[in-house]
Number of protein chains: 6
Amino acid sequence: MFMHNKRLQYTVRVEGPDPVLASFLLEQFGGPDGELAAAMRYFTQGLGEVDPGRKDMLLDIATEELSHLEVIGSIVAMLNKGVKARLSEGAMEEAEMYLALNQGGNSHTQSILYGGGPSLTNSSGVPWTAAYIDSRGDPTCDLRSNIAAESRAKIIYERLINATDDPGIKDALGFLMTREIAHQKSFEKALYAIDDNFPPGKLPGQDEFTNLYVNGSQGDGDMDGPWNSGEMWDRDDGPTPALDGGDGTASVKLASDDSKIVKALAERTLSDPGVDAVTGADLGAGPGAGRTTPVED
Amino acid sequence: MFMHNKRLQYTVRVEGPDPVLASFLLEQFGGPDGELAAAMRYFTQGLGEVDPGRKDMLLDIATEELSHLEVIGSIVAMLNKGVKARLSEGAMEEAEMYLALNQGGNSHTQSILYGGGPSLTNSSGVPWTAAYIDSRGDPTCDLRSNIAAESRAKIIYERLINATDDPGIKDALGFLMTREIAHQKSFEKALYAIDDNFPPGKLPGQDEFTNLYVNGSQGDGDMDGPWNSGEMWDRDDGPTPALDGGDGTASVKLASDDSKIVKALAERTLSDPGVDAVTGADLGAGPGAGRTTPVED
Amino acid sequence: MFMHNKRLQYTVRVEGPDPVLASFLLEQFGGPDGELAAAMRYFTQGLGEVDPGRKDMLLDIATEELSHLEVIGSIVAMLNKGVKARLSEGAMEEAEMYLALNQGGNSHTQSILYGGGPSLTNSSGVPWTAAYIDSRGDPTCDLRSNIAAESRAKIIYERLINATDDPGIKDALGFLMTREIAHQKSFEKALYAIDDNFPPGKLPGQDEFTNLYVNGSQGDGDMDGPWNSGEMWDRDDGPTPALDGGDGTASVKLASDDSKIVKALAERTLSDPGVDAVTGADLGAGPGAGRTTPVED
Amino acid sequence: MFMHNKRLQYTVRVEGPDPVLASFLLEQFGGPDGELAAAMRYFTQGLGEVDPGRKDMLLDIATEELSHLEVIGSIVAMLNKGVKARLSEGAMEEAEMYLALNQGGNSHTQSILYGGGPSLTNSSGVPWTAAYIDSRGDPTCDLRSNIAAESRAKIIYERLINATDDPGIKDALGFLMTREIAHQKSFEKALYAIDDNFPPGKLPGQDEFTNLYVNGSQGDGDMDGPWNSGEMWDRDDGPTPALDGGDGTASVKLASDDSKIVKALAERTLSDPGVDAVTGADLGAGPGAGRTTPVED
Amino acid sequence: MFMHNKRLQYTVRVEGPDPVLASFLLEQFGGPDGELAAAMRYFTQGLGEVDPGRKDMLLDIATEELSHLEVIGSIVAMLNKGVKARLSEGAMEEAEMYLALNQGGNSHTQSILYGGGPSLTNSSGVPWTAAYIDSRGDPTCDLRSNIAAESRAKIIYERLINATDDPGIKDALGFLMTREIAHQKSFEKALYAIDDNFPPGKLPGQDEFTNLYVNGSQGDGDMDGPWNSGEMWDRDDGPTPALDGGDGTASVKLASDDSKIVKALAERTLSDPGVDAVTGADLGAGPGAGRTTPVED
Amino acid sequence: MFMHNKRLQYTVRVEGPDPVLASFLLEQFGGPDGELAAAMRYFTQGLGEVDPGRKDMLLDIATEELSHLEVIGSIVAMLNKGVKARLSEGAMEEAEMYLALNQGGNSHTQSILYGGGPSLTNSSGVPWTAAYIDSRGDPTCDLRSNIAAESRAKIIYERLINATDDPGIKDALGFLMTREIAHQKSFEKALYAIDDNFPPGKLPGQDEFTNLYVNGSQGDGDMDGPWNSGEMWDRDDGPTPALDGGDGTASVKLASDDSKIVKALAERTLSDPGVDAVTGADLGAGPGAGRTTPVED
């Protein structure tokens, strides 16, 4: 069960209104690497987890991410507080309001549609979608996804910090960024606490293809590195079709009836290489009429 | 520049039609962890990459993933070949066709809308979206995302392999699954070949919060593990609001005019705790009329 | 700041596994009227609210909705616990697993993609989107939206209760349904505690159109009711174009240059009613060639 | 059956081109509270309605909303008429056209992609989605959703009116805004014409939880109001886990086989709190190899 | 301005309830080639059109498509009428209702979420999106898109007709299908009534690449046809990189400062081919520490 | 199987950085008519095609479109190269970076979220979706869709060319635009090489409605053209409801039990035209209480 304390996890002091910066910051409120995505990623994993240790960790961190969602949303609300009130009270000349809405970023939609409240969109106004969440119900996959997600969130906070000189916002964003680092560490520790963490699942790979590097892109610029070179790696520099040694085709066994129907379809829609396709577009004739000869209406 | 060879990277032999299985397999064609997502993740990263080694690797693997997209799509096409022809040729009684469309999975939409061709949807018919792609333009983030994506793709192939006894399909899926393992290794090697891979970016964290574990979920079931215990970790077992030591509020400095407008807004929309809100819904009066007393039409 | 207690707000006893029912229940986990939508609707409103009373109420209820999200997600996890384990451990014959995945609802995708964990999708597998959230930053709008949302959630819980005979699930769903009723009441009370709650905002309507009912659909079946009849209503039984008394056209003043360019566009793309459009499709000629006469390659 | 009259429901006079304002106005063309959403909300409800009175009303208003869609779309077309022609005729120097596309709002995409025609997107270019429509097939829910939708549409028109000084546009938007007020009244009247309108559906709530207010957010700022105080309300100031009096856990009865498989899964993926997770990342060994000891390639 | 007549454009007689068939038919209500997509495609084009002839045609056909939307939606409502009432009235035993919801197609979501009313989703429950609409503001493009859209709608109606033996539904679907044929003809006629209809727009192509066929897919299965062979076509059988004769690279001129920063970025994130990446995963050290050597906590 | 050559199909020389232009160009990278949409449209069609000639053509052109995706993405990467490096290296004062992010178009999100790499979004930041792809598994439909798609892509390239004076970019875009023209020709040739290409599929239309033009939009502005006039066309100038000669209603035969339940539903939710709906909103009474009389708490 969740509870809420009206004090934020981190105090927020904003120097003054800035709806454009507010729209930038939405990237971490309703964007793909934002705090809602983080909270929901860990929360859904936690509910389905069978290991009590990971379950506890996932719910701990999910809960903290909700607190971070509140911090970032509160900053957005502060940056928009003035424009929200002016818009609601009709307290500007129209021409002035027009300019206020057209300052940049996604500030126009944030004001017109969302009334200056924090919206669950990214910095372009794209609504948050659960398509951002990659929980798959396997702990070694999910922990890797979490590690990656935390690292993405960290870099986006860094970019935002680099783009504002409001000291209170920089400080709060710095806190949020730091917590992503801490969470990434927890998830790494949890991943390596699973004895059998690679590859995910139980099925081993096919031996001949586990250590093969396929050099699919060729020409000047081919490089060697630990990802494709060394004792560990076999190389396919072709690249070679039909690595299985077969003919590289796809086929299916069809019952005799089905084969006939497939043949009928192929014949009916045959692309005739010999056709004179010059005058095909006329549609004046009734439906089903031949398409190769133009017909007067 | 891309080129194509008509032979597949792996030969595909399908025992017989099965539109339901086809719809399951779409998870790896047009699903979030499918081959298009993989190809586009690495391709977009490759185009923006400044390091020639990683650029080469990303284009190598992106190219191979396109070849895998072709393999999985070809299996889907084979499984649907019969239903596609029957549907196109009107070669079934209506009642029989109705049953053929209602076998399960997402086979009905795959036939009615997509005509039995492989569609870029997941196994529920949800169209593929670039929201699945988490390329962020930072190599240490992107490689971690790639590692996670490969591990997710591996586990989904495993689930599909466990759900079909068609030997040709099992074999081809096994190949595709194995290649995800190999790619995961390449991306791990590439990540650790970057000297400064943690944390992502250049900004360090705030020292006091880097090693702090916030125990947000409390009660029976609190567990210790390497993710929250040991020398490395400080603990906040509160959890504690306002970790910065402030008052935990959010505030913004507003110009005097704005403050007045905010006040006007607050007063106009005041929630009056003393109001008798019993009979508020009548809308018979003109707009703007007080809402607290019902009015006859 | 949020905190979490490991005990649920309501105890959940599930009779046995049922992945199909689990997929139905997702409607209230990741569907448009589900608990995440509720929580995020009130949470975003609360962050932007200037009235301390409503802010408190919105955060109270947002917090409870998160607890409900946990209850419904936990039921889903219980219903899927068996299939998740069987899938993860490869503990079924393939043909048996295929049947287990094809029982109906959206159970196939829930297993293959989400591994049996609760996913933020609706009962068809459509990912949750913030497009479901209609917070607009005006309290009289937002409260009406909340009242409507609670009533929708109530009816969907009722439908789900009517479709399961598992007593533990019925009981928990009954609790969740009841809480929607209570929340609806709170939001109604809060709406009518705003003195000036209709119409939303500050601008009055245009007098002549405020009480007009436009009878746009005509013929047998025209009905009278309090929504279009009585002293309050004027009627337009036409319906009448150009209610303003003008000519009903749309026009814009263009600078002379622009007018010329618009004219040039109109001429270049003129639809010539006299053309003999019989043989238009040939594209054998070079680009830009006239389209009215077929040309030999 | 629908018919169309070429005269608009309201005459539109636009002072001059303004692609930025056009992109703002799209909020009411293809945005979540725009006229298409309104028309389709009522139209889909009307088709499924069994009560002839409401059915008539819903089709009346749906039809009028389509006429409003035409008015707002026509304004957008007028505002873009110049840029559309210039773009189509290549009638600007490139540098000038670049600037013309970069004036703000979403004008760039509206020109490049949509060619200056009115597009079914919101003011950020987000395509309209039926996810905006909350018709649920229950009249007391649907009417509440309609009341809320009309109030949202009203407030967005108000914001747009406050942001333009073009008198013809202000006048037309004022008409459209007023009609939302009138529609809201009709829907309120129709709701209260249903005798049994609360709660929606037929199932009553669980008595002990119908009048309970859960004070989920605590600390300074806790407020009383008619939504949580007075004779009507019981209070849970805890908030209290397991309101049912149980243990607050979630559980499911599993068959013996399933229990064993769940146990096997838990063991295989155990998070070992004692593990030394220092050196886990090496993937040089074959798949399936233990992860706790680094291995030379 | 739109008006509505309560009589449908075509009479609908349905033999009996069938929620599964209803969900199939949604493909033409809220699917990508359904009637809403058709209506909105032509309506948005009509509003932006400068040619009075095409504008009239587009509004004529848009209006008719809305009438078709009503016909198909009415069929869906009839097919669901029984389940809607049973669900609303709680008129089934739970186990029976569970089975009624799980008959197949998307019938479960159509009942649980949409209450049996016609929903603007496709046959899988995917909400309609304006992403389906390809209006681009150029008449020769838009007419081609319309021709294609009508042909797609025709084929989907054919598939649906082939899957039901309800004579009333077959008859009504046959009408709707036929109208798509008629509309396709109108759009073809309108396209060829534009003198300069190919290529779209005003810019000619680059001469050397207008008639070139690039044989990108090679190997067994290379075929000749009028699309790549004959006097009209030049051939690139390579395919050849850098068709312009350049070096096939991408480059940009950067100011000296920028070049230095790019270099710094490349160095900081260098992939070192010589690194021993064996033991990289430990994160026990502080942020920023080198990643090549494991460190004790 | 796909292969890649590191040389582009066309050499790209960019004059200098321009993140705003980069965001415009994304329209052809991740927009609805962009190169990914083209490649995936033809690729999915090719996999399902039974005619070897069309299959070859579709794979040829799909492969080339992937090469075009690489060209346009490389231009975007070049235009963003400077901002990507500055952002990554923290090489700007905050205020300066803020301005750099707020230059217009969608450049802010492209930098903050995507780090300057080419993203699969359109020029507004809307993620690419497979909803853009209209492959339907019928060759005469699909070829028409391809013809339309190529013509749309051509016009968007033209608009982009008209908006940049960078000679290298103009040249490369001119190449890409020209290739769309060539592809359109190939698809036209392939369409008319199918003997039976109209109407799509096998079912003929209903004779009486095949050549009927329904004049749905009436009044000043009614026009004649080859799309509605001439020997070929019958006219319905009404427009006429119930073209079938029936009564224009929709009905379904229900079993006796169902009819009773429908009646019960109608009665329970009756809209009573005689009700005094003045004081309906009070929710103070318990659930289920009558709504027509206000009740004290």
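Values in this document were obtained by computation on a predicted structure and should not be read as measured data. (Residues numbered from 1 in each chain as written. Chains lettered and ligands numbered in written order. Predicted model: local features only at pLDDT ≥ 70, side-chain atom pairs only at ≥ 80, totals over all residues. Heavy atoms only, no water.)

Moving on: the confidence of the model for chain A. Residue and element names in this part refer to chain A. The pLDDT averaged across chain A works out to 91; a share of 92% of its residues lies at or above 70. Per-residue pLDDT stays below 50 along residues 276-297; that stretch engages in 64 contacts with residues further than four places along the chain or on separate chains. As scored by the predictor, the complex reaches a pTM of 0.94 and an ipTM of 0.92. (pLDDT = per-residue confidence, 0-100. Contact = heavy atoms within 4.5 Å.)

Moving on to the sheet that holds strand 4 (residues 217-218) of chain A. Within the open sheet, the four strands sit side by side as 4(A)-1(F)-1(B)-4(E). Their pairing is mixed. A single partner strand is all that each edge strand has here, and the edge strands are strand 4 of chain A together with strand 4 (217-218) of chain E. Of the strand pairs in this sheet, strand 1 (residues 2-5) of chain B and strand 4 of chain E are connected by two bridges, and their pairing is parallel. When the bridges of strand 4 of chain E are listed, B:Asn5 appears paired with E:Gln218. Across the sheet, helix 4 (residues 52-89) of chain B touches strand 4 of chain A, strand 1 of chain B together with strand 1 (2-5) of chain F, and the angle it forms with strand 1 of chain F is around 155°. (Pairing = 2+ DSSP bridges. Helix = DSSP H or I, 4+ residues; strand = E, 2+ residues; numbered from the N terminus. Axes fitted to C-alpha atoms, helices over the stretch in contact; angles between N-to-C directions.)

This part takes up helix 4 of chain B. Residue and element names in this part refer to chain B. Here helix 4 is 38 residues long and its end C-alpha atoms lie 52 Å apart, about the 56 Å a rise of 1.5 Å per residue gives. Helix geometry: helix 4 is bent most strongly at asparagine 80, by close to 55°. Extensive coverage of helix 4 is indicated by the burial of 35 of its 38 residues. Structurally, the start of helix 4 carries an N-cap: the backbone nitrogen of glycine 53 is 3.1 Å from a side-chain oxygen of aspartate 51. Note on helix 4: the residue one or two positions beyond its end, glycine 90, has a positive phi of about 60°. (Expected span 1.5 Å × (residues − 1). Bend = angle between axes of the 7 residues up to and from the residue. Buried < 20%, exposed > 50% of the residue type's maximum accessible area, 1.4 Å probe, protein only. Polar contact = N/O pair within 3.5 Å; in protein donor to acceptor, adjacent residues only side chain to side chain.)

This paragraph deals with the relation of the copies chain F and chain E. Once chain F has been moved 0.0 Å along the axis and rotated by 180°, it coincides with chain E to within an RMSD of 0.0 Å. The transformation relating the two chain copies, once decomposed into turn and shift, fits a two-fold axis. (Least-squares fit on C-alpha atoms with pLDDT ≥ 70 in both.)

Here the focus is the pairing of strand 1 (residues 2-5) of chain C. As defined by bridge partners, strand 1 (residues 2-5) of chain A adjoins strand 1 of chain C across three bridges and the pair is classed as antiparallel. By the bridge assignment for strand 1 of chain C, A:His4 is matched with C:Phe2.

So, on to empty space enclosed by the protein. In this approach, a probe sized like a water molecule rolls over the atoms, and the result shows the empty space that is left. Reported here for the largest cavity is a volume of approximately 660 Å³. Lining the largest cavity are 26 residues, and of these A:Thr129, B:Thr129, D:Thr129, E:Thr129 and F:Thr129 lie nearest its centre. Class assignment for the residues of the lining of the largest cavity results in 20 nonpolar, six polar and no charged. (1 Å grid on protein atoms, 1.4 Å probe; cavity = no way out; pocket = protein on both sides within 12 Å on 5 of 7 lines; lining within 4 Å. Points joined across faces, edges and corners; volume = space filled by probe spheres on them. Nonpolar A, V, L, I, M, F, W, Y, C, P; charged D, E, K, R; others polar.)

This next bit is on the interface of chain F and chain E. Facing 118 residues of chain F, the contacting portion of chain E comprises 118 residues. Ionic pairing is found between F:Asp258 and E:Arg86, a salt bridge with its closest N-O pair at 2.4 Å. Across the chain F-chain E interface, the total number found is 78 residue pairs in polar contact (both at pLDDT 80 or more). Those elements that provide at least two residues to the side of chain F that touches chain E are strand 2 (12-14), helix 3 (52-89), helix 6 (139-161), helix 7 (167-192), helix 8 (207-210), strand 3 (212-214), strand 6 (250-252) and helix 9 (256-268) of chain F. Tallying contributions element by element places helix 3 of chain F first for the side of chain F that touches chain E, with 18 residues. (Salt bridge = Lys/Arg side-chain N within 4 Å of Asp/Glu carboxyl O.)

The next subject is the interface of chain C and chain B. Reports often express the size of an interface as the amount of accessible area lost when the parts come together. Counting residues at the interface gives 46 residues for chain C and 56 residues for chain B. For the chain C and chain B pair, buried surface summed over both sides reaches about 4100 Å², with 58% attributable to carbon and sulfur atoms. Its largest share of buried area at the contact with chain B, chain C owes to C:Lys6, C:Ile112 and C:Tyr192, together 16% of the area lost on that side. On inspection of chain C and its partner chain B, the count reaches two salt bridges. In this structure, B:Asp222 engages C:Lys6 in a salt bridge whose closest nitrogen and oxygen atoms are separated by 2.8 Å. At the junction of chain C with chain B, the criterion picks out 17 residue pairs in polar contact (both at pLDDT 80 or more). Listed by contribution, the elements that provide at least two residues to the side of chain C that touches chain B are strand 1, helix 4 (52-89), helix 5 (94-101), helix 6 (107-112) and helix 8 (167-192) of chain C. Sorting elements by how many residues they give to the side of chain C that touches chain B places helix 5 of chain C first, with five residues. Its residues assigned to classes, the side of chain C that touches chain B comprises 21 nonpolar, 16 polar and nine charged. (Buried area = accessible area lost by both parts, 1.4 Å probe.)

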